[in-house]
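Analysis of the macromolecular model
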Amino acid sequence: MSSIFSKIIQGEIPSYKIAETEDFYAFLDINPLAKGHTLCVPKKEVDYIFDLDDDTLSGLHLFSKRVAKALETCITCKRVGVLVIGTEVPHTHVHLIPFQHEAQMAITSLKLKVEKEEMEEIAKKVSDKFLEMN
Ligand code: AMP
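Rules used in this analysis
- The numbering scheme is per chain: residues are counted from 1 as the chain's sequence reads.
- Predicted model: local features are reported for residues with pLDDT of at least 70 only, side-chain atom pairs are reported and counted for 80 or more only, and whole-chain, interface and lining totals are derived from all residues.
- Note: side-chain values were computed over all heavy atoms of the structure, leaving out hydrogens and water.
- Partly exposed describes any residue whose relative accessible area lies between the buried limit of under 20% and the exposed limit of over 50%, with all areas from a 1.4 Å probe on protein chains only and scaled to the type maximum.
- Note on conventions: DSSP H or I runs of at least 4 residues are helices, E runs of at least 2 residues are strands, and numbering of each starts at the N terminus.
- By definition, two strands form a pair when at least two bridges between them are found by DSSP.
- Stacked, tilted and edge-to-face are the three classes assigned to paired rings of Phe, Tyr and Trp, where Trp is represented by its six-membered ring and a pair needs centres within 6.5 Å; plane angles under 30 degrees give stacked, over 60 edge-to-face, the rest tilted.

Summarising burial for strand 3 (residues 38-42): five of the five residues are buried, a large majority. When strand 3 meets strand 5 (residues 94-99), the two strands line up antiparallel, connected through three bridges. Paired with threonine 38 across the two strands is leucine 96, which belongs to strand 5.

Below you can see the structure in the form of structure tokens.
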């Protein structure tokens, strides 16, 4: 059975899309730790990040860097933090979190409630910036 992230990539489930390449996809986390919290995923469905082949692993990090550069120009933040956990969704993903306070980097912290309109606004701003920078 396909993971929820594969369904998002295939367009079967909606997402606030940030960026897409032939091999990777980025979209806003629906339970963000900070505004602009983004997930970067390989289209290839592999549960554990260190089971990815070397090209996909390095490609994922380079893609995440490009997304982070777009995020940091659009979202006020101290910097973009990186987390990999993967215990909830068994499809490798890198969390990019534009944090203002270190506590926002703890996955157990309280999630923000961001309205649909604002999520759409953030996704448009960051995806436009990603296209402009790439
Ligand atoms: P983890 O597997 O612990 O790294 O966390 C999975 C993350 O995926 C959580 O932060 C969820 O909020 C996020 N998530 C789960 N389903 C969706 C979805 N449909 N769209 C966006 N983010 C999601």
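What follows concerns the packing of aromatic side chains. The tally for this structure, following the rule as stated, stands at five aromatic pairs. On the basis of an interplanar angle of 75° and a centroid distance of 5.2 Å, the ring pair of phenylalanine 5 and phenylalanine 27 is categorised as edge-to-face. Residue phenylalanine 5 is located in helix 1 (residues 4-9), and its partner phenylalanine 27 is located in strand 2 (residues 24-28); the two are separated by 22 residues in the primary sequence. An identical accessibility class is assigned to phenylalanine 5 and phenylalanine 27; each is buried. Considering the side-chain rings of tyrosine 48 and phenylalanine 50, the 5.7 Å spacing of their centres and the 90° angle between planes classify their relative orientation as edge-to-face. Classification of tyrosine 48 as partly exposed rests on a relative accessible area of 47%. We classify phenylalanine 50 as exposed; its relative accessible area is 57%. Aromatic rings pair up to connect Phe5, Tyr25 and Phe27 into one cluster.

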